[in-house]
Amino acid sequence: MGHFAIVRRPFFWIIVAATALFALVPLWGNNVELRESLVLAAVYVTLASNLNLMIGYTGYVNFGNIVFFGLGGYFGVYFSNAFGWPLIPAALVGAAIVSGLAYLFGLGILRLRGAYFALATIGVNEAVRAFVQNFDPWGGASGLYIPISAFGQFGGPMQALWAIYFLLVLVMGLSLVLSYAIKSSKFGLGLLAIGQNEDAAAVLGVATPRYKAMAYSISAFLPAVAGALFFFKSAFIQPVDAFDLSLSVEVIVMLMLGGQGTVTGAAIGAFLYEELRGHLLTSATFSNFQLVIAGALLLLIVLFVPGGLMGWVHRRWPRTRTVLE
Amino acid sequence: MNGIIASILDGLLVGSVYGLAAMGLTLIWGVMNVINLTHGAIIVAGMFGVFLLATVLGVNAYASILPLVAASFVLGVGLYWVAVHRVIGQPPLMSLLSTFAVNLILIGLGTALWGTQLFNVTVTLPGLSLGRYTFPGTHIMAAVLAFVIAGLLYLFLHHTRLGKAVRAVANNREAAALVGIPTTWVLSLAFGLGVALACTAGALIATMFPFTVLSGSTYQVNSFVVTVLGGLGNPAGALLGGVALGLLEGLATPFMPVSWTSVIEFVLFVIVLIAFPRGLFNFRRS
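The shown structure was predicted, so the numbers you read here are calculated from the model rather than taken from an experiment.

Criteria and cut-off values
- Residues numbered from 1 in each chain as written.
- Chains lettered and ligands numbered in written order.
- Predicted model: local features only at pLDDT ≥ 70, side-chain atom pairs only at ≥ 80, totals over all residues.
- Helix = DSSP H or I, 4+ residues; strand = E, 2+ residues; numbered from the N terminus.
- Rg over C-alpha atoms; globule rule 2.2 N^0.38 Å.
- Buried ≥ 20, exposed ≤ 12 C-beta atoms within 10 Å, placed from the backbone.
- Contact = placed C-beta atoms within 7 Å.
- Nonpolar A, V, L, I, M, F, W, Y, C, P; charged D, E, K, R; others polar.
- Axes fitted to C-alpha atoms, helices over the stretch in contact; angles between N-to-C directions.
- Parallel < 35°, antiparallel > 145°, perpendicular 65-115°, else oblique.
- Left-handed = near helix turned anticlockwise from the far one by under 90°.
- Expected span 1.5 Å × (residues − 1).
- Bend = angle between axes of the 7 residues up to and from the residue.
- Arc of directions from axis to C-beta.
- Core = buried A, V, L, I, M, F, W, Y, C linked by C-beta atoms within 7 Å.

Undergrad: Help me out: how do you make sense of the overall build of chain A in this one?
TA: Across its full length, chain A holds 14 helices and two strands. The globule rule puts the C-alpha radius of gyration for 325 residues at 20 Å, and the 19 Å found for chain A is close to it. Taking the principal axes of the C-alpha coordinates as reference, chain A spans close to 55 × 45 × 45 Å. Every one of the 325 residues in chain A was classed for burial, and the buried ones make up 51%. Put simply, of all contacts in chain A between residues at least 6 apart along the chain, 76% involve residues at least 24 apart.

In structure tokens, the structure reads:
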């Protein structure tokens, strides 16, 4: 298979069309309210798709996955504030650093398996959060602010919000394409083999430590970019929001809702979760019991539909497997 | 110098309660390979249990522990059947998520009932004075109770038929089933015990420090650290791990801002997990 073979597959064009639709819908009637809800959805889809590389493909539960998003945010905001860099290079350089750190860390903590790995990722997130809370150049516990003048690079705050929205949707689209490209590559086959049976994969010649560290590192890059964009847009970042372990678990919930291991499932799960969350938060009856409902929903999925939405769809209509990966 | 010693001693007292909480987590892990993410919520349940009994109903705070142990044991057995039984033996993601789901439900109910403001349980107990320093009576009492309960757990696990069955199931579930141990029943019992330990630790913490509905996550992560220091699945190690963590906190407090101690704790946590996955206090050879 050639390198660009995926552009000839229908699923690639489904991703492109969905991403374009995402970008264009709020433009219709200049719908700012819809845009703000879709910003969150784009971030969630990005986080869930990249987490899927670890949980769904490689079978490693990265419980502290939010650390990439938070660190990316901090690097982006810091480069923009301290050196006056434009947002895009600040985000990309920050994400490259996060990705490199993830590779080095991955070589260490990916020696652990199962629940031990999950615990270690919680430890990494908490260690980074505790460190940033004490790290004065990054504002310690009170965080960093973006001055309003920084939005000048896009021609003003209003234009900046739209520009960052399109960038976030682009990152979301790239995440989906990346998930799909990896799934249909030799590298992805190696990861899936590790997910099935790591020892057997190693015996058959998969370079498991390197593959795992690469998956961990790749899954860090786009969430870090999204973090930089998201926190630049909020104009404010603090450790409690950036390294929020409960958001980390919420991303896992999105993945379970849609169906882990599938590109479509990660995307649909994240989108549905955002919609659901929005309704629960705004409804007067449910806002107090939002956590209770989310918890009950998660429990039902884990106990009775562990394959998620796509698992169910694929079982019900087996032919969809070939189109919706 | 005396100040440092006093700080270390107080750290040891508080640390033994951390150890008690972590014993609950590690017992469940050791018996059924499940990381119980309801742990933090159960600790909070213990805090509010003692608050209701002692502050609202006027029962003695330490006397209220007994009914709390009974209630939380029943709760734990119930939780096992609702949330854990179906995911035993499945990939770790499943049990992590099912227990996390229960955690969300409990914390959600707690916030709906009590909001997130600060609560505290006032216990008047004379302290112990050494020179210029006074150790709070509640800290001493909590540490003594933590060691007594740990001792009782040891006696139960090593000297009763049921305790031996728990250890047999932890060791090899199939073999235990082959010799006629009702393993599922024993699993639910072990989960109930783990929950009861966490709840008791929560009750003791409530007598020492103020708390909110959301305090659980801090103490839960704290229990992870202690558990990893002591070796996952090793109750005696958990107690030692708790004491070691208390020692570390006591030792660090006079020398650096409190917020830096958590950085050290978590870095230590990751290093120990990678370098000594069996814990620092596992003296048996594998």
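Picking up where we left off.
Undergrad: Is there a simple way to think about the overall build of chain B in this case?
TA: In terms of helices and strands, chain B carries eleven helices and two strands. Seen in sequence order, chain B has helices and strands lined up from the N terminus as α-α-α-α-β-β-α-α-α-α-α-α-α. Its C-alpha atoms give chain B a radius of gyration of 19 Å, within 12% of the compact-globule value 19 Å for 286 residues. Burial analysis of chain B (286 residues in total) assigns 54% to the buried set. Considering only contacts within chain B whose residues lie at least 6 apart along the sequence, 78% involve residues at least 24 apart.

Undergrad: Can you help me understand the environment of T138 of chain B in this one?
TA: Of note, T138 of chain B is situated in helix α5 (residues 137-159). Separated by 33 residues in sequence, T138 of chain B and N171 of chain B have C-alpha atoms that sit 37 Å apart.

Undergrad: Sorry if this is basic, but what is going on with the interface of chain A and chain B here?
TA: Note: interface size is frequently given as the accessible area lost on complex formation between the parts. Counting residues at the interface gives 37 residues for chain A and 35 residues for chain B. Every element with two or more residues in the side of chain A that touches chain B is listed here: α4 (87-109), α5 (114-134), α11 (245-258) and α13 (290-304) of chain A. Counting residues per element, the side of chain A that touches chain B draws most heavily on α5 of chain A, at 15 residues. Of the residues that constitute the side of chain A that touches chain B, the class distribution is 27 nonpolar, eight polar and two charged.

Undergrad: Is there a simple way to explain the packing of helix α3 (residues 66-83) of chain A against helix α9 (residues 208-234) of chain A in this structure?
TA: Each pair of packed helices can be described by the angle between their axes along with the distance between the axes. Residue and element names in this part refer to chain A. The geometry of α3 relative to α9 is characterised by a closest axis approach of 6 Å and an angle of 55° between their N-to-C directions. Compared by their axis directions, α3 and α9 come out oblique. With respect to the hand of their crossing, α3 and α9 are arranged in right-handed fashion. Each of F68, F69, G70, L71, G72, G73, F75, G76, V77 and S80 in α3 lies in contact with α9, whose residues at this interface are A220, P223, A224, V225, A226, G227, A228, F230, F231 and F232.

Undergrad: Quick question: what am I supposed to make of helix α2 (residues 32-58) of chain A here?
TA: Residues and elements named next belong to chain A. For α2, spanning 27 residues, the distance from its first C-alpha to its last is 38 Å, which sits close to the expected 39 Å at 1.5 Å a residue. Of all bends in α2, the biggest is about 40°, found at N52. Within α2, 20 of the 27 residues are buried, which leaves it mostly tucked inside the rest of the structure. Just downstream of α2, G59 is the residue with a positive phi angle, here 75°.

Undergrad: What should I look at first to understand helix α6 (residues 161-171) of chain B in this one?
TA: One full turn of an α-helix is made of 3.6 residues, so residues set three or four places apart face in the same direction. All names here are of chain B. Taken residue by residue, α6 has A165, V166, V169 and A170 as its buried positions. Buried residues in α6, looked at end-on, bunch into an arc of 140°, giving them a common side. For α6, the exposed residues lying more than 90 degrees away from the buried face are R161 and N171. Buried residues in α6 make contact with α1 (2-32), α5, α7 (173-178) and α8 (183-208).

Undergrad: I'm lost on the environment of G202 of chain B in this one. Help?
TA: All names here are of chain B. Locating G202 in the fold gives a position in helix α8. For G202, a count of 31 C-beta atoms within 10 Å gives the class buried. A sequence separation of 27 residues divides G202 from L229, and the C-alpha atoms of the two residues are 20 Å apart. Setting aside residues up to four positions removed in sequence, G202 forms contacts with I42, I43, V44, A45, G46 and M47.

Undergrad: What is the right way to read the nonpolar core from this model?
TA: When a protein is soluble and globular, its nonpolar side chains tend to lie buried together. L168 and L229 of chain A together with V17 and A190 of chain B are the most contacted members of the largest nonpolar core, which totals 208 residues. Residue contacts for L229 of chain A: discarding those within four places in its chain leaves A91, I164, L167, L168 and V171 of chain A.

Undergrad: Which parts of the structure should I look at to understand the packing of α3 of chain A against α4 of chain A?
TA: Residues and elements named next belong to chain A. Relative orientation of the contacting elements α3 and α4 amounts to 140°, with a least axis distance of 8 Å. Classified by the angle their axes make, α3 and α4 are oblique. Handedness of the crossing formed by α3 with α4: right-handed. Every residue of α4 that contacts α3 at F68, L71, G72, F75, G76, F79 and S80 is listed here: L87, A90, A91, V93, G94, A95, I97, V98 and A102. Grouping the amino acids of the contact of α3 with α4 by side-chain chemistry returns twelve nonpolar, four polar and no charged.

Undergrad: I tried to follow the environment of G15 of chain B on my own but got confused; where do I start?
TA: Residues and elements named next belong to chain B. Relative to the helices and strands, G15 resides in helix α1. Given 26 C-beta atoms within a 10 Å radius, G15 is considered buried. In the structure, G15 is positioned 226 residues away from G241 in sequence and 8.3 Å away in space, judged by C-alpha atoms. Ignoring anything within four residues of it in the chain, the contact list for G15 reads G242, V243, L245, G246 and L247.

Undergrad: What am I meant to see in unusual backbone geometry here?
TA: Excluding glycine, residues mostly have negative phi values, and the peptide bonds linking residues are mostly trans. Located in the positive-phi region is A235 of chain A, a residue other than glycine, with phi close to 65°. Inspection of the secondary structure puts A235 of chain A in the loop between α9 and β2 (236-237). A count of 16 C-beta atoms within 10 Å places A235 of chain A in the partly exposed class. Although it is not a glycine, N33 of chain B sits at a positive phi angle of roughly 55°. Note that N33 of chain B resides in the loop between α1 and α2 (39-56).

These figures come from the coordinates and say nothing about function on their own.
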